[in-house]
Amino acid sequence: MVSSQVPVIDLGPWRSGDPAARARIAARVDEALKAAGFLLVTGHGVDPALPARIRAEARAFFRLPPAAKRPYAVSVGGRGWLGPGAEANALAEGTHSPPDLKESWSCAAEEPTGVPAVDAQWFRPNAWPAEVPGLRRPVAAYLAAMRALSDELLELLAGALTLPEDHFTRHTEHPTWGFNLNWYPGAELVGPPLPGQYRIGPHTDFGTVTVLDREPGAGGLQIHTDADGWQDAPYDPAALTVNIGDLLARWTGDRWRAGRHRVLPPPAHAPAEELVSLVYFYECDPHTRVESLPAPLGRVVHEPVDSHAYLRAKLDAITVP
């Protein structure tokens, strides 16, 4: 079962600095990212009240009538409301797909670098819905926690590769990130799914590290592995779900796999199920040159890529015309 390939990693022993404990954790992380590209992470220290507050505010926004949300409408990669039909993640795999059955509120890095061309594309101001004034403050607190946690995870991943601790974080001095509040409404709003239609279609994430706070559901997250095919993702209410994306897999020379996943449509036996996920996509500094680790760590030598040219192409690929 896929749960055996997605271990629960407690950050407490890693933070203790004990060499034996760190070695055990590093080995488990290495094996999990080879097999599935996913981890469950506990001991992260994120206040559980924050996601609860954010979900309450997000639901208040998403349940507004479409006319109230429409002024915030943006396309994929924008800052604001991604409405129904805006995105189809399976397109990133080259699979013809109906749009994903979700809505999202998106924000992203906004602190400028001082380089106009970079700032215009990757560090624009965020929007916030005036109708839900309580959303911005808990999101800001959550994002600060995610930034710190993501750098810590990258240090752990470097350790799992027996590399210097800053192997990845030396490239996150002024990183980009994206944050999606994904709303998966029930069938009464989205109707019956079309053939091949999901709340989020099968794909791998595009970048470095994704940190997910999710609600379990019958129409929830599934993970794909070679050994098990599609299986329900394991869930631990105390854990954050972490997966690596395409860029980090390339960086490791495909030693690790980007975690392939999908979110099932509203199930026939629970058509009113409604879920909200908090998804944080952590990336590196704009225009980082991503080069595959050589053997024996790496397995495949990819052509070097510009991190953010790669990300932009992927965002464009999942945009529904």
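As the structure is a computational prediction, the values presented were derived from the model and not from experiment.

**Q** What is the right way to read the packing of aromatic side chains from this model?
**A** Both the distance between ring centres and the angle between the ring planes are used here to describe each pair of aromatic rings. Here the structure, examined in full by the defined rule, presents nine aromatic pairs. Between tyrosine 280 and tyrosine 282, the aromatic rings sit 6.0 Å apart at their centres with planes inclined by 20 degrees, giving stacked as the arrangement. The residues tyrosine 280 and tyrosine 282 share a single accessibility class, namely buried. Ring pairs connect the aromatic residues Phe61, Phe62, Tyr72, Trp105 and Trp183, which therefore count as one cluster. Just above the ring of tryptophan 230 sits the side chain of arginine 262; from NZ or CZ to the centre is 4.2 Å. Note that arginine 312 overlies the ring of tryptophan 122, its terminal NZ or CZ placed 4.7 Å from the centroid.

**Q** When you look at the pairing of strand E10 (residues 240–244) in this model, what are you seeing that I'm missing?
**A** A regular strand places its side chains so that they alternate between the two faces of the sheet. A large share of E10 lies buried, amounting to five of its five residues. Two strands pair when backbone bridges link them, and strand E2 (residues 38–42) and E10 are joined in this way by four bridges, in the antiparallel orientation. Residue leucine 39 lies in a different strand from E10, and its bridge partner there is valine 242.

**Q** Honestly, the packing of helix H3 (residues 49–62) against helix H6 (residues 136–160) in this entry has me stumped. Any pointers?
**A** How two helices pack is summed up by the angle between their axes together with the distance between the axes. The geometry of H3 relative to H6 is characterised by a closest axis approach of 9 Å and an angle of 140 degrees between their N-to-C directions. One way to sum up the angle between H3 and H6 is to call them oblique. H6 is crossed by H3, and the crossing has left-handed handedness. Touching Leu50, Pro51, Arg53 and Ile54 of H3 are Pro138, Val139, Ala141 and Tyr142, all from H6.

**Q** Got a minute to help me understand the packing of helix H2 (residues 19–35) against H6 in this structure?
**A** Here H2 crosses H6 at 90 degrees, and the two axes come no closer than 8 Å. Put simply, H2 runs roughly perpendicular to H6. Here H2 contributes Ile25, Ala26, Val29, Asp30 and Leu33 to the contact with H6, which in turn contributes Leu156, Leu157, Gly159 and Ala160. Grouping the amino acids of the contact of H2 with H6 by side-chain chemistry returns seven nonpolar, one polar and one charged.

**Q** I would appreciate a short explanation of the sheet that holds E2 in the present structure.
**A** Within a sheet, neighbouring strands are paired by backbone hydrogen bonds and run either parallel or antiparallel to one another. Spatially, eight strands are ordered E1-E2-E10-E7-E12-E5-E4-E3 in an open sheet, and the strand pairing comes out mixed. Only two strands of the sheet have a single neighbouring strand rather than two, namely strand E1 (8–10) and strand E3 (80–82). Going from strand to strand, the sheet's axes swing by 25 degrees on average, the running direction of each strand aside. In the sheet, strand E4 (residues 103–108) pairs with strand E5 (residues 177–184) via six bridges, with the strands oriented antiparallel. Bridge pairing links alanine 108 to glycine 178 in E5. In the packing of H6 onto the sheet, contacts are made with E1, E2, E4, E5, strand E7 (209–213), E10 and strand E12 (275–282), and the angle to E12 comes to roughly 55 degrees.

About the cut-offs
Residue positions within a chain follow its written sequence, with the count starting from 1. For a predicted model such as this one, the threshold for reporting local features is a pLDDT of at least 70, and the threshold for listing and counting side-chain atom pairs is 80 or more; totals across whole chains, interfaces and linings nevertheless cover every residue. The basis for the side-chain values is all heavy atoms of the structure; hydrogens and waters are excluded. Whether two aromatic rings pair depends on their centres lying within 6.5 Å, for rings of Phe, Tyr and Trp, where Trp uses its six-membered ring; planes under 30 degrees apart make the pair stacked, over 60 edge-to-face, and the rest tilted. Any residue under 20% of the maximum accessible area for its type is buried, any over 50% is exposed, and the rest in between are partly exposed; the area is computed with a 1.4 Å probe on protein chains only. Distance and angle both matter: a charge sits over a ring if NZ of Lys or CZ of Arg is within 6 Å of the ring centre and within 35 degrees of the ring normal. The numbering of helices and of strands both runs from the N terminus, where a helix is a DSSP run of H or I of at least 4 residues and a strand a run of E of at least 2. Here, strands pair whenever DSSP counts at least two bridges between them. Fitting a line to C-alpha atoms yields each axis, with helices limited to the stretch in contact; the angle taken between N-to-C directions then spans 0 to 180 degrees. If an angle is under 35 degrees, it is roughly parallel; if it is over 145, roughly antiparallel; if it lies from 65 to 115, roughly perpendicular; otherwise it is oblique. The handedness criterion is simple: a crossing whose near helix is rotated anticlockwise from the far helix by less than a right angle is left-handed, and one whose near helix is rotated clockwise is right-handed. Two residues form a contact once any of their heavy atoms are found within 4.5 Å. Note that Gly is not counted as nonpolar here; it falls among the polar residues with everything else outside the nonpolar set of Ala, Val, Leu, Ile, Met, Phe, Trp, Tyr, Cys and Pro and the charged set of Asp, Glu, Lys and Arg.

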